[in-house]
Structure formats: structure tokens, C-alpha cells
Amino acid sequence: MTCFCEYCYAKARKQGINPNRARQGFLELEKFVLAARKGTRPVDGYYVQLWRLMLRYPELLAWETLWTSSLREVQKAIYDRVKSVNSKLGVGWHIWHNNSFNPIYRAEQDLAEMAPYSDFLKVVIYQNCAGERMVDYIDSVGTSYFADVPRQELLDFHYRVLDYGSEKDLKTLPAAGYSSDYVYRETRRAREGLAGTQTKLWPGIDVDIPTAKGNARCTPAGTKGAVTAAFRGGADGIIVSRKYSEMKLENLRAVGEGLKELNLA
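None of these values were measured; they are calculated from a predicted model.

**Student:** Is there a simple way to think about the packing of aromatic side chains in this case?
**Tutor:** For any pair of aromatic rings, geometry is given as the distance between the ring centres together with the angle between the planes. Using the criterion set out here, one finds 13 aromatic pairs in the structure. An angle of 65° between the planes, with centres 4.6 Å apart, marks the rings of tyrosine 178 and tyrosine 182 as edge-to-face. Among the residues examined, tyrosine 178 registers a relative accessible area of 5% and is labelled buried. Following the ring pairs from residue to residue traces out a cluster consisting of Phe4, Tyr9, Phe26 and Trp63.

So this is what it looks like as C-alpha cells:
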């Protein structure tokens, strides 16, 4: 998803990007994805064809970067405006869960770059629902530009490049969710990304975020493990997520037990 409004066109032209070429590239990319999901394999394979499109239309990556840089500009404008009203008010941002699945999206989330206009960052580390969400992501890219790669092999590749250690395999992952080790690794990675900054790191911890029938459900032990793992990884605090109306009291109590164990409550 992207935007080709008159303002994006004007901004692109100022940056030397041809918006018409970018739009045509996205239309060609759409054709590629739709054909791939119907099982129509390009002569040179899906991954090669994707890069053929990227090389033919470098404006695709330029447009993606334009979108991300525009988002950062909006965030900085909000930060500056809030501080102009009351410098003591905290301003921070939610970093979408896709950060835990898609290496390309993760590459766009430069925490050190965001730090100057972020008092805190809520990096989503929803350990429980991450299982089914990762499988959904693998199913998506596994029917487009990675369609030549067996699904389990594709999952293993993502575990490797995202530094997730040993999580569950494709068949058992939705029902198991991610482990507390995932929470620890992601928190530690974010802490290292913010090294030398004043920005607070508040991971988002999954407490009873809904999942499909038969898939992972939060437990007190798992919730407590996620809380303690976040602080072991260097969190300054946590944001219990997603909303109170979904949460079971036994899992909320487990959050408190984890904080007490760490002498934080």
C-alpha cells in the first residue's frame, strides 16, 4: 500500500524521483504478485523476477523510502509541536509488529534515527500472537517472491536473519506462539539500537491479544516469563498490550508477579 496523491507527486519531483515511473512500477509489481498467487511461475523464477522489476523500476524502492521518510517527518512535526506546548509531555511511537517478521520493514525502523524525536518507543514484541502472525507472513511471501522456497525452509531463513534462535516449526508455531527468548532477543536488539540515546524502551507485551481458535493463548507462566525477559533484555518499562477489556485477571496478576520478582513493584 502506498500513496500517489498530488502532494506525493510534488515531493517526489523535488527529490528527483519520477512519480509516473514509480506508479508504473507498482502496477507491474501488482501483476507479478497476482500471477504468483495463481501459481503462474515466471521463466526465471519468482525471486529473480522480483529483482528484475526492482532493477527495471528503481523508483519502487525510492517511493518506499519517500513514504517512510514522510512518516518520520510527520512524527518529528508532532514531537516539536507537543514540546512547544509543554516540554514535559512525553512523546513516543508504536513500532508495528511487522518489525518482527519482515526484514525489509525492519530495515526501515532505524531506532537511533528516530531517537531525537522520541521520548520513548513502544517496540511491539507480542510473543503469543506472533506465532500465527509469522505463519501468515510466511504464507504471504511464500506465495509471491519467495514462492520457490519450501515454507519451513523459508521460516528457518527468517529465524536466522532476524536472530530468533530456535522457535517452533511451521506446523506447531501457531499453537505455541513465540517463546520468552524472542522477547529477550528483540528487547536486547532494540536496546543496542538505542545505545547512546536518551530514548526510553518500553516493549509491548502480549496479554490476551485474540488469536484464532486452536492457536496459542496466553498463560500466567508465559506472561510472567515475557515480562521478566523484557527487563533482562534492557527494557526501561513495558506496555501491557493490547487493551484491558481483552485481558484475563490471572494473566494481569502474572505481570505483577514478574515485576515483583524483579523488585520493580
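Following the structure, the description resumes.
**Student:** What is the right way to read the pairing of strand E2 (residues 120-125) from this model?
**Tutor:** It is a general feature of regular strands that their side chains alternate between the two faces of the sheet. By the criterion of burial, E2 is predominantly enclosed, with six of the six residues buried. Direction of pairing for E2 relative to strand E3 (residues 200-201): parallel, over a ladder of two bridges. Within E3, the residue paired with phenylalanine 120 across the bridge is lysine 200.

**Student:** How should the layout of surface pockets be read in this particular structure?
**Tutor:** Once rolled over the atoms, a probe with the size of a water molecule shows which space is left empty. Of the volumes computed, that of the second largest pocket is approximately 150 Å³. As for the second largest pocket, its lining consists of 14 residues, and the residues nearest its centre are Gln127, Asn128, Tyr178, Thr219 and Gly222. With four residues, the single largest contributor to the lining of the second largest pocket is helix H11 (residues 220-232). Of the residues belonging to the lining of the second largest pocket, the class tally is five nonpolar, eight polar and one charged.

**Student:** In this structure, what is going on with the environment of serine 241? I would like to understand it.
**Tutor:** Tracing the backbone shows serine 241 in strand E5 (residues 239-241). Residue serine 241 is classed as buried on the basis of its relative accessible area of 1%. For the pair serine 241 and valine 207, spaced 34 residues apart in sequence, the C-alpha separation works out to 5.8 Å. The contacts of serine 241, once residues within four sequence positions are left out, are Lys122, Tyr126, Gly204, Ile205, Asp206, Val207, Ile209 and Met247. Side chain to side chain, serine 241 and lysine 122 meet in a polar contact 3.5 Å long.

**Student:** What am I meant to see in the state of the cysteines here?
**Tutor:** Disulfides are covalent bonds that connect the sulfur atoms of two cysteines. Evaluation of the coordinates by the stated rule reveals zero disulfides. The closest cysteine sulfur to the non-disulfide-bonded cysteine 3 is located on cysteine 5, 3.5 Å from its own sulfur. Judged by its relative accessible area of 28%, cysteine 3 falls in the partly exposed class. Cysteine cysteine 8 shares no disulfide, and the gap to the nearest cysteine sulfur, in cysteine 5, comes to 3.8 Å.

**Student:** Could you clarify how one ought to interpret the pattern of salt bridges in this entry?
**Tutor:** Opposite charge on two side chains lets them pair, provided their charged atoms get close. Applying the stated criterion across every chain yields a total of 16 salt bridges. The partner of aspartate 119 in a salt bridge is lysine 83, with the nearest N and O atoms 2.7 Å apart. Separated by 36 residues along the polypeptide, aspartate 119 in the loop between helix H6 (111-114) and E2 and lysine 83 in helix H4 (residues 59-85) bring together distant segments of the chain. The exposure class assigned to aspartate 119 is partly exposed, which follows from its relative accessible area of 24%. Relative accessible area serves as the criterion here: at 19%, lysine 83 is assigned to the buried category. Between arginine 185 and aspartate 163 there is a salt bridge; the shortest N-O distance is 2.8 Å. On the criterion of sequence distance, the pair formed by arginine 185 in helix H10 (residues 180-193) and aspartate 163 in the loop between helix H8 (151-162) and helix H9 (173-176) is long-range, its members being 22 residues apart. Given the relative accessible area of 40%, aspartate 163 is considered partly exposed. Among the ionic contacts, a cluster of salt bridges with common partners joins Asp163, Asp181, Arg185 and Arg188.

Calculation rules
Residues numbered from 1 in each chain as written. Predicted model: local features only at pLDDT ≥ 70, side-chain atom pairs only at ≥ 80, totals over all residues. Heavy atoms only, no water. Phe/Tyr/Trp six-rings, centres within 6.5 Å; stacked < 30°, edge-to-face > 60°. Buried < 20%, exposed > 50% of the residue type's maximum accessible area, 1.4 Å probe, protein only. Helix = DSSP H or I, 4+ residues; strand = E, 2+ residues; numbered from the N terminus. Pairing = 2+ DSSP bridges. 1 Å grid on protein atoms, 1.4 Å probe; cavity = no way out; pocket = protein on both sides within 12 Å on 5 of 7 lines; lining within 4 Å. Points joined across faces, edges and corners; volume = space filled by probe spheres on them. Nonpolar A, V, L, I, M, F, W, Y, C, P; charged D, E, K, R; others polar. Contact = heavy atoms within 4.5 Å. Polar contact = N/O pair within 3.5 Å; in protein donor to acceptor, adjacent residues only side chain to side chain. Disulfide = S-S within 2.5 Å. Salt bridge = Lys/Arg side-chain N within 4 Å of Asp/Glu carboxyl O.

Remember, this is a structural readout, not a statement about activity or role.
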